[in-house]
Amino acid sequence: MSWGFLRDLLSGVNKYSTGIGRIWVAVVFIFRLLIYIAAAENIWKYEHDEFECNIKQPGCENVCFDHFFPISHIRLWALQLIMVSTPSLLVVFHVAYRENREKHHNQKLYKSPGEIDGGLLCTYLISLILKTGFEIVFLVLFYKLYNGFKVPRLVKCDIRPCPNTVDCYISKPTEKMIFICFLVATSCLCIVLNLSELSYLIFKYSIKCYLKRYIKKHQGSKSDCHKSEIVGHRRPAAAGQFHNSSPSSPLNVEDKCGKKLLVDLKEGQRPPSRYTSCI
């Protein structure tokens, strides 16, 4: 099987990842993909031929092998590698969409098409959630299909067409168990890295949004204070204009009896005392 497409995908994702994301890419590429190609494939290559039972009943070995290994460890591992790497395509496609959009409008629409912000941030977070989900699902699947992560040396089978309970022997059980433990350890490490990156991005952009709101609110309060200062400076001037107005200004004043009185107010002169309570 050719894994060139997966290598190209991981190298492309590495451009748009955070520091933790680059560690994840290195773990997947070195400790999972290369180990799979270099060693694991050869260990499970002839697992069906090397599965032996102590009876030569036609069909018995095939039925027992299918019962204990409904899907080969190595094929399930390959499927897991493909599934956990596929969500990264969402990020690559989103960046390509941004680049094509800038070419179509023939202008700069983003600071950098690969910068993690806005819609690309949501896409990146979704890809992390999907990768973590796939890792957990495959770990549970491994555990349920093979009744744990151990590879037994001997399994007992009584499924028809076997005439009675037969003993079947698995080849290289210790070596297989070591690689399965390594698979589980690397999967758990990738889950931790994905959750760490998810928490880091959420915390980082939450702080960033909070600071933006705080600065905006602070600037708004400063502008309100500035406006109030301007109004305060204008009030004395308005009062001066009032005093420097014409010597006699007609003013309608309503007294206690509800009658309207016209009083001529002269500059610096108070109205008669009988009208003071009505003003």
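Only a predicted model underlies this, so the values are computations on that prediction, with no experimental measurement involved.

### A look at the sheet that holds strand E2 (residues 154-157)
- What the three strands build is an open sheet, ordered E1-E3-E2; its pairing is antiparallel. Strand pairing shows two members of the sheet lacking a second neighbour, strand E1 (52-53) and E2, which therefore form its edges.
- Pairing analysis gives two bridges linking E1 to strand E3 (residues 166-169), with the strands arranged antiparallel. Residue Glu 52 lies in a different strand from E3, and its bridge partner there is Tyr 169.

### So, helix H6 (residues 118-145)
- In a regular helix each residue adds 1.5 Å, so 28 residues correspond to 40 Å; H6 covers 41 Å between its end C-alpha atoms and thus fits that length.
- Looking one or two residues past H6, Asn 147 carries a phi angle of roughly 55°, positive in sign.

### Description of the confidence of the model for the protein
- Averaged over all residues, the pLDDT of the protein equals 75, while 70% of them reach at least 70.
- The least confident element of the protein, judged by mean pLDDT, is strand E4 (residues 249-254) at 44; the most confident is H6 at 89.
- Scored below 50 in pLDDT, residues 237-263 shows 31 contacts in the model against residues more than four places distant or in partner chains.
- Throughout residues 275-279 the model reports pLDDT below 50, and contacts reaching past four residues in sequence, or to other chains, amount to 10 contacts.

### Quick notes on a nonpolar patch on the surface
- On the surface, Phe 203, Ile 207, Tyr 210, Leu 211, Tyr 214 and Ile 215 cluster together into a nonpolar patch covering about 660 Å² of accessible area.
- Relative to the elements of secondary structure, Tyr 210 occurs in helix H7 (residues 173-243).

### Regarding the state of the cysteines
- By the definition in use, this model includes three disulfides.
- Cys 60 shares a disulfide with Cys 162; S-S distance 1.8 Å. Disulfide Cys 60-Cys 162: the torsion about the S-S bond is 100°, which places it as right-handed. Linking Cys 60 in helix H3 (residues 60-68) with Cys 162 in the loop between E2 and E3, this pair joins segments that are 102 residues apart in sequence. With respect to class, Cys 60 is no different from Cys 162; both count as buried.
- Disulfides within the protein link the bonded cysteines, taken in sequence order, as 1-6, 2-5, 3-4.
- The structure places no disulfide on Cys 188, whose sulfur is separated from the nearest cysteine sulfur, that of Cys 190, by 9.4 Å.

Calculation notes
Residues numbered from 1 in each chain as written. Predicted model: local features only at pLDDT ≥ 70, side-chain atom pairs only at ≥ 80, totals over all residues. Heavy atoms only, no water. Pairing = 2+ DSSP bridges. Helix = DSSP H or I, 4+ residues; strand = E, 2+ residues; numbered from the N terminus. Expected span 1.5 Å × (residues − 1). pLDDT = per-residue confidence, 0-100. Contact = heavy atoms within 4.5 Å. Patch = residues over 30% accessible without salt bridge, like charges linked within 9 Å, V, L, I, M, F, W, Y side chains within 5 Å. Areas by Shrake-Rupley, 256 points an atom, 1.4 Å probe, with all protein chains shown as cover. Salt bridge = Lys/Arg side-chain N within 4 Å of Asp/Glu carboxyl O. Disulfide = S-S within 2.5 Å. Buried < 20%, exposed > 50% of the residue type's maximum accessible area, 1.4 Å probe, protein only.

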